[in-house]
Amino acid sequence: MRKLICWFDRTENAAMKRNLRSKCNQPIIELSDSDDDTYKISKKPKDEDYVIEEKKEKITVDKEEPIKRRVRKNVQSKDVKRKSVKRKNQEKSLETFSNKKPKLKASSSTDFTDAKVSQSQNQKDLIKTDIKENLKIKEKFNSSFSQCAEWTDVDYISEINNVDRRIVENVVKLFKEDNTIPFIARYRKNMTGSMEADQLRALLDSFEQAKIIKNRAATIIKSIDKLGKWSPELHSTITSTKSLADLEHIYSLYKPSVSRRLLAEKARALGLGSVSDAILQGQKIAPLIFLVDEQREGLRNEQEVRSGIVHIIADLISKDKQIFDRVTSLRKTSIIEIHTAECKTTEDSKNVNGRKYEQYFNFKSRVNAIKPHHILAINRAESQKIISVKIVIPDAFERAFKECCLSRYACQQEREMIHWDLLNESIDHAYKKLIKPQVIRRVRSETKENAEKASIEVFATNVKQLLLTPPVRGKIVLGIDPGYRHGCKLAVVSEQGNVLETAMIYPHNNPFKDPADALARLVNKYGCAIIALGNATACRETELFLTKVIKSEMFNTPNVMYTIVDECGASIYSCSPQAKSEFPDLDPNLVSAISIARRLQDPLAELVKIEPKHLGVGMYQHDLPEAQLTKTLSEVITEVVSFVGVDINTASLYLLQQVAGLTRSRSTSIIEWRTKNGPFKNREELLNVKGIGSKTYEQCAGFIRILPETATVSETMSERKKKSTSDFNPLDQTWIHPESYAIADKFVKHCQCKLNDIGTPAFIERINSQAGTGYGKLAAQFGTDETTMETIIKALSMQKDEDIRSKLSQPLFRNSVRRIEDLTVGTVLSGVVRNVTHFGSFVDVGVGKEGLIHVTRMKKDLHIGQRVEVKVVNVELTRQRIGLELMS
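Computed from a prediction, not measured in an experiment: that's the story for all the values here.

A.B. asks: Explain the overall build of the protein to me, using residue names and the numbers behind them.
C.D. replies: Within the protein one finds 33 helices and 20 strands. Evaluated residue by residue, the protein yields a buried proportion of 51% over its 888 residues. With an accessible surface of roughly 43100 Å², the protein has 48% of that area assigned to carbon and sulfur atoms.

A.B. asks: Mind laying out a positive patch on the surface, listing which residues take part and the relevant values?
C.D. replies: Taken together, the side chains of Lys 390, Lys 432, Lys 433 and Lys 436 present a region of like positive charge at the surface. The dominant element in the positive patch, judged by the number of residues it contributes, is helix α19 (residues 417-467), at 3 residues. The topology assignment puts Lys 390 in strand β8 (residues 387-392). Assessed through its relative accessible area of 55%, Lys 390 is described here as exposed.

A.B. asks: Before we move on, could you go through the sheet that holds strand β7 (residues 362-366) and cite the residues and values that matter?
C.D. replies: Here 3 strands make up an open sheet; going across it, the order is β7-β6-β8 and the pairing antiparallel. Across the chains shown, the open sheet's two edge strands, defined by having one partner strand only, are β7 and β8. Across the sheet, the mean angle from the axis of one strand to that of its neighbour is 15°, orientation sign disregarded. Bridge count between strand β6 (residues 337-342) and β7: 5 bridges; the pairing is antiparallel. Bridging from a neighbouring strand, Glu 337 pairs with Arg 366 of β7. Packed onto the sheet, helix α17 (residues 372-383) meets β6, β7 and β8 and runs at close to 125° relative to β8.

A.B. asks: Pulling in residues and values, what's your account of helix α30 (residues 741-750)?
C.D. replies: Within the span of α30, buried status applies to Tyr 741, Ile 743, Ala 744, Phe 747 and Val 748. Burial along α30 is one-sided: seen end-on, the buried residues are contained in an arc of 160°. Exposed and facing more than 90 degrees away from the buried side of α30 are Lys 746 and Lys 749. On its buried face, α30 is in contact with α31 (761-771), α32 (775-782) and α33 (786-796). With its phi angle positive at about 60°, Gln 752 sits one or two positions after the end of α30.

A.B. asks: Account for the environment of Phe 183, with residues named and values stated.
C.D. replies: Here Phe 183 is to be found in helix α7 (residues 181-187). Phe 183 sits 515 residues away from Glu 698 along the chain, and the two C-alpha atoms are 8.5 Å apart. Contacts of Phe 183, omitting those with residues within four sequence positions, involve Arg 188, Glu 698, Gln 699, Phe 703 and His 737.

A.B. asks: I'd like to hear about the packing of α17 against α19, residue by residue, with values.
C.D. replies: Relative to each other, α17 and α19 sit at 115°, their axes nearing to 8 Å. Judged by the sense of rotation from one axis to the other, the crossing of α17 with α19 is left-handed. Of the residues in α19, those touching α17 at Pro 372, Ile 375, Leu 376, Asn 379 and Glu 382 are Arg 444, Thr 447, Lys 448, Ala 451, Glu 452, Ala 454 and Ser 455. In the contact of α17 with α19, the residues fall into 5 nonpolar, 3 polar and 4 charged.

A.B. asks: Describe in detail the sheet that holds strand β11 (residues 499-505), supporting the description with residues and values.
C.D. replies: One open sheet accounts for 5 strands, arranged β11-β10-β9-β12-β13; its pairing is mixed. Of all strands in the sheet, those bounded by a partner on one side alone are β11 and β13 (561-565). With strand direction ignored, the average angle separating the axes of adjacent strands in the sheet is 20°. Pairing of strand β9 (residues 477-481) with strand β12 (residues 530-534), which is carried by 4 bridges, proceeds in the parallel orientation.

A.B. asks: An account of the environment of Val 492 is requested, with residue identities and associated values reported.
C.D. replies: Along the chain, Val 492 turns up in strand β10 (residues 488-493). Along the backbone, Val 492 and Thr 502 are 10 residues apart, and their C-alpha atoms lie at a distance of 6.3 Å. Once you skip the residues sitting within four places of it in the chain, Val 492 turns out to touch Ile 476, Val 477, Leu 478, Asn 498, Val 499, Leu 500, Glu 501, Leu 522, Tyr 526 and Cys 528.

A.B. asks: Quick one: what's the story with the packing of aromatic side chains, residue by residue and with numbers?
C.D. replies: The tally for this structure, following the rule as stated, stands at 11 aromatic pairs. For the pair Phe 175 and Phe 207, a centre-to-centre distance of 5.9 Å together with 35° between the ring planes defines the contact as tilted. Linking Phe 175 in helix α6 (residues 165-176) with Phe 207 in helix α9 (residues 197-226), this pair joins segments that are 32 residues apart in sequence. Phe 207 sits in the buried class, given a relative accessible area of 7%. Between the NZ or CZ atom of Lys 214 and the centre of the ring of Trp 151, over which it lies, the distance is 4.3 Å. In this arrangement the basic side chain of Arg 408 is found over the ring face of Tyr 409, its NZ or CZ atom lying 5.4 Å from the centre.

A.B. asks: Would you mind going over the pattern of salt bridges in detail, with residue names and values included?
C.D. replies: Under the defined criterion, the tally for this structure stands at 40 salt bridges. The closest approach of N and O atoms between Glu 150 and Lys 214, which form a salt bridge, is 3.7 Å. Of this pair, Glu 150 sits in the loop between α4 (123-141) and α5 (153-161) while Lys 214 sits in helix α9, and the two are 64 residues apart along the sequence. A relative accessible area of 29% places Lys 214 in the partly exposed class. For Glu 425, the salt bridge goes to Arg 306, with nearest N and O atoms at 2.9 Å.

A.B. asks: Let's hear about unusual backbone geometry: which residues, and what values?
C.D. replies: In this structure, Ala 538 is a non-glycine residue whose phi angle is positive, near 70°. The exposure class assigned to Ala 538 is buried, which follows from its relative accessible area of 5%. Of note, Gln 752 is a non-glycine position whose phi angle comes to about 60°, a positive value. Mapping Gln 752 onto the fold places it in the loop between α30 and α31.

About the criteria used
- Residues numbered from 1 in each chain as written.
- Predicted model: local features only at pLDDT ≥ 70, side-chain atom pairs only at ≥ 80, totals over all residues.
- Heavy atoms only, no water.
- Helix = DSSP H or I, 4+ residues; strand = E, 2+ residues; numbered from the N terminus.
- Buried < 20%, exposed > 50% of the residue type's maximum accessible area, 1.4 Å probe, protein only.
- Areas by Shrake-Rupley, 256 points an atom, 1.4 Å probe, with all protein chains shown as cover.
- Patch = residues over 30% accessible without salt bridge, like charges linked within 9 Å, V, L, I, M, F, W, Y side chains within 5 Å.
- Salt bridge = Lys/Arg side-chain N within 4 Å of Asp/Glu carboxyl O.
- Lys, Arg positive; Asp, Glu negative; His and termini not counted.
- Charge placed at Lys NZ, Arg CZ, Asp CG, Glu CD.
- Pairing = 2+ DSSP bridges.
- Axes fitted to C-alpha atoms, helices over the stretch in contact; angles between N-to-C directions.
- Contact = heavy atoms within 4.5 Å.
- Arc of directions from axis to C-beta.
- Left-handed = near helix turned anticlockwise from the far one by under 90°.
- Nonpolar A, V, L, I, M, F, W, Y, C, P; charged D, E, K, R; others polar.
- Phe/Tyr/Trp six-rings, centres within 6.5 Å; stacked < 30°, edge-to-face > 60°.
- Lys NZ or Arg CZ within 6 Å of the ring centre and 35° of its normal.

See the structure below:
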């Protein structure tokens, strides 16, 4: 007699068993799952029932019970739960579990259909064979995600940034030792392969991202373990994942709060899991009508049964690692497009706000080719409900997905029509309800993330170039903050940045003579040869007035010139607590004029007082993640300030706290020590300051300067506290680190020079002469590495007071002006780059409105503050737009 064997769980609903048995006319053998690894097979002497004895309970297998199907439910035994608790308490590693034999999973089953059971056959061997076959099927079908090797932070950083693993190991070691990027970039080049600060910052971002991914993976594993769904395979998959988005996707498949998962879980609770497994494995199943139970929701009719099976299979497909990898590959290789259209109900599309987004009213682009600024603009317009956005996935994606699913689950066994119907319906459901929405969300999130990252990089580059604007030293400067109703604010600033006098004039509402006389009085009184004019409201009208005064020869000072200064953030600074503490009794309107004048004298010292996002050099900066933007810009400012160098005896609190290794509290302690004990005479005295230990000293010492002009000590300071010596060291005015002073001393003596002559032409000539020998030979001679030797030689060959900013373009000074109405196509102008974006560069050509050099008309990359020659290619007076082309 042919007998069907059904695998029942001990917790299976008794009513369902009776319902199925009543409809079945075949003998059946019922087998029960066990979570234990040890089985004992015995034979009863009386009724010859076959018994499987576990460690703690017995289950009788009645060979006479008739049934046509096998049902199995995934329930974790008490023993496994106790093991899970024990694992968490003892914090066992994954290896503890991988060394064990794999347990039978509830989702696995064995095709025992048509198996013949002979009483003369050895029942022990038969059941053992069945169990082995079951385990083989489990290994083939049960694993949703294949096991992968766990990665390290070095693996991640090396892969993401395409950097040699040895270098990454060195850099990670330096990061873990709390070394700053400027310190590593300048003084540890031998360990990093002479990486620039920008490259190191990228490695640091990857290092921190790796830690975030690791922490999130650990959290997800704990959450899944609490849900009772932990497995070695899933653990391995999570720990091998290198993407936060992938981790969240995996976690979403197991979170109980996800509504779409509830449908599959409900269907499993109704006992449809084993039927779904049988369909995926190509095993015969009973007609679905046999599963109908009119008393239970979800089984009341055949359609509900069918829907439950489809939900379970779709859920399994979405959890399959092989399918997931294929979907990821298709997402990266398919031609996915983004389409935008104008919202018909919006009112903004008809006004000025909407016209800014006209190009996106019917916009199409490939996702892998769209520019970052397009994504940022689309996202902003969508948030304002001006446009709608649609992600279009090609039909080829769906076909490839279905082919992958069929090849994955179409077994060699001959399938019935019901199998194909349910499998195809499940694949369709998985694609439309699970996979496609997930792909769309992933595309949107990735494009947004990439666009924000690119925008932050542009912002950081622009801020860096702005901070590196060359200073105009040794000049008395008159700063003008232009305005209409509130007038123009004037401030005269000395060569050292001290305020000499302030005033207000109203050149736009009064006769020319009175404001012109007031301006001429200040210029003549202090001998100002340079005027710094802010570029905000009324700039063009004030510029016309200023040009007229210059031409009237009212100034006694010869060759008076002016330059346009970008005043973004000056008004915000004038009302800030920093400004109030610096100018407690001064009108905030006048403080902005002082800031404009100081920006010309020493841009770096003045701009560090202002939040970078207010400097006006970004691209959609207000749409970017606040924390990430602030962190990146802070690192850039620290890098620039450190590399330029800071005179510790004159630097302000705002400048000192930007030096690598120094914080606001440490900077405050430095100023307090300086006030109490007088100026620092050497770098070593920093160790006397409260809060500065050996590590902080190591990080900041190379970036501070002790200049002989500001380190003079008066007789009243003869009782200054000493740690070792208070003698001035000429090397303290260079960027040579104190750890290399001994080598620098030997090299200077080798060159037959004296340290007191640093910066003189003769000294530099001797140093350069010896440098011709080669850094490698000199390094071997003096017992150091080649990069350190190079740093020492470059520092010793610099001229006195040489500034790394001096190599960049100086401000553009003018004594005449044009209006935008006077411009014609073909006119060649000189200008200064004010902002750089992905779509072009904005140039100030002195007509009150910046012109745009589109990327298609740029022959080379530009940077902020660079002088350029441009040609006017178009002028739109109604929209106040100027199109420019970069001249070669």
